[in-house]
Amino acid sequence: MKPNGTSSNTPRNGVHRDGLYRDAPDYNGQPADQLLADEIGDVHGAAALDTPMRPDAFALDDDTKIDLIEEHFREIMNILGLDLTDDSLKGSPRRVAKMYVKEIFRGLNPDNKPAPTLFDNKFRYNEMLVEKDITVQTYCEHHFVPILGKAHVAYISSGKVIGLSKLNRIVEYYCKRPQVQERLTMQIADELKRVLETDDVAVLIDAKHLCVSTRGVQDINSSTITSSYSGKFADDATRQELLRYIG
Ligand SMILES: [Zn+2]
């Protein structure tokens, strides 16, 4: 799955057809993905398509979740020895709790999934449509720190076209969860296929993981590229056309 050696920002021809890979440099001769796997006790890429959630995930309402997370985050700060009576710190547990539930993890709740606006493809545009440089701001589920980058999504209409901003919204929705980049890529691709009623969908994500840059191996230069090519995008010429567009 993983190409040899060094870091690159450019998807390599043929390497990632129909697949996903981590692209990160090796450290001390140890492949980065192995190093990560050892470190987190988990194997990237083995994750199922669905975000692992308990059946009772929404038994508590948002306000109750915020209250409980506030309580627990205060305890984390207490254990770290922070003085919660300090003006600067005392509001943090509540702030973090609200941020988790209402902002950065709001995409866990299917109620927040964007409803697609579809139109008939009246003008019979049957070339690919590419929405590039969509902002990716998500959170590594192993360390709960940001993953920041860009997504490029493309599709070839099967008779329906989607409102352009909905492509951004779909990316954003799946970003608002604890994620691994591989699963994020697949979840976006899967939703686009479902909504657009076509298999002719491609998704590429190029992102920096703050768990790699600010801790652990502390590599500030590497980025991770993942891709999903389905339908006509599995064809080499179509894929090359897409890669030209996104540069
Ligand atoms: Zn991480």
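Residues numbered from 1 in each chain as written. Predicted model: local features only at pLDDT ≥ 70, side-chain atom pairs only at ≥ 80, totals over all residues.

- As recorded in an unreviewed UniProt entry, the protein chain goes by GTP cyclohydrolase 1 and comes from Spirosoma oryzae.
- Comment text from UniProt for the protein chain, heading Pathway (unreviewed entry), reads "Cofactor biosynthesis; 7,8-dihydroneopterin triphosphate biosynthesis; 7,8-dihydroneopterin triphosphate from GTP: step 1/1."
- UniProt, in its Subunit (unreviewed entry) section for the protein chain, records the words "Homopolymer." (UniProt positions renumbered as here; feature names shortened; annotations may be inferred.)

**A look at the overall build of the protein chain**
Part 1: Along its length, the protein chain carries 7 helices and 7 strands.
Part 2: Helices and strands in the protein chain line up, N terminus first, as α-α-α-β-β-β-β-α-β-α-β-α-β-α.
Part 3: Residue burial in the protein chain is summarised as follows: out of 247 residues, 29% are buried.
Part 4: Looking at the protein chain alone, contacts between residues at least 24 apart form 68% of all its contacts between residues at least 6 apart. (Helix = DSSP H or I, 4+ residues; strand = E, 2+ residues; numbered from the N terminus. Buried ≥ 20, exposed ≤ 12 C-beta atoms within 10 Å, placed from the backbone. Contact = placed C-beta atoms within 7 Å.)

**Digging into the nonpolar core**
Part 1: Counting 33 residues, the largest nonpolar core has A151, V153, V171, I188, L192, A202 and V203 as its most contacted members.
Part 2: Every element with two or more residues in this core is listed here: β2 (128-140), β3 (146-156), α4 (164-175), α5 (181-196), β6 (201-209) and β7 (224-229).
Part 3: The dominant element in this core, judged by the number of residues it contributes, is α5, at 7 residues.
Part 4: In this structure, V203 is in contact with A151, V153, T185, I188, A189, S227 and S228, ignoring residues within four places of it in sequence. (Core = buried A, V, L, I, M, F, W, Y, C linked by C-beta atoms within 7 Å.)

**Examining unusual backbone geometry**
Part 1: Phi is positive for D133, which is not a glycine, with a value near 60 degrees.
Part 2: Position of D133 relative to the elements: it lies in strand β2.
Part 3: The backbone of F144 sits at a positive phi, close to 55 degrees, despite the residue not being glycine.
Part 4: Mapped onto the fold, F144 is located in the loop between β2 and β3.

**Quick word on the environment of Y100**
Part 1: Among the secondary structure elements, Y100 is positioned in helix α3 (residues 92-104).
Part 2: Expressed as a C-alpha distance, the spacing of Y100 and R177, which sit 77 residues apart in the sequence, is 9.2 Å.
Part 3: In this view, Y100 contacts I69 and F105; residues no more than four positions away in its chain are not counted.

**Notes on the pairing of β2**
Part 1: Sheet analysis places β2 next to β3, joined by 10 bridges and oriented antiparallel. By the bridge assignment for β3, M128 is matched with I156.
Part 2: Remark: 5 residues form the turn of the hairpin made by β2 and β3, two consecutive strands paired antiparallel; F144 in that turn has positive phi of roughly 55 degrees.
Part 3: Note: β2 against strand β5 (residues 178-179), 2 bridges, orientation parallel. In the strand pairing of β5, C140 is matched with Q179. (Pairing = 2+ DSSP bridges.)

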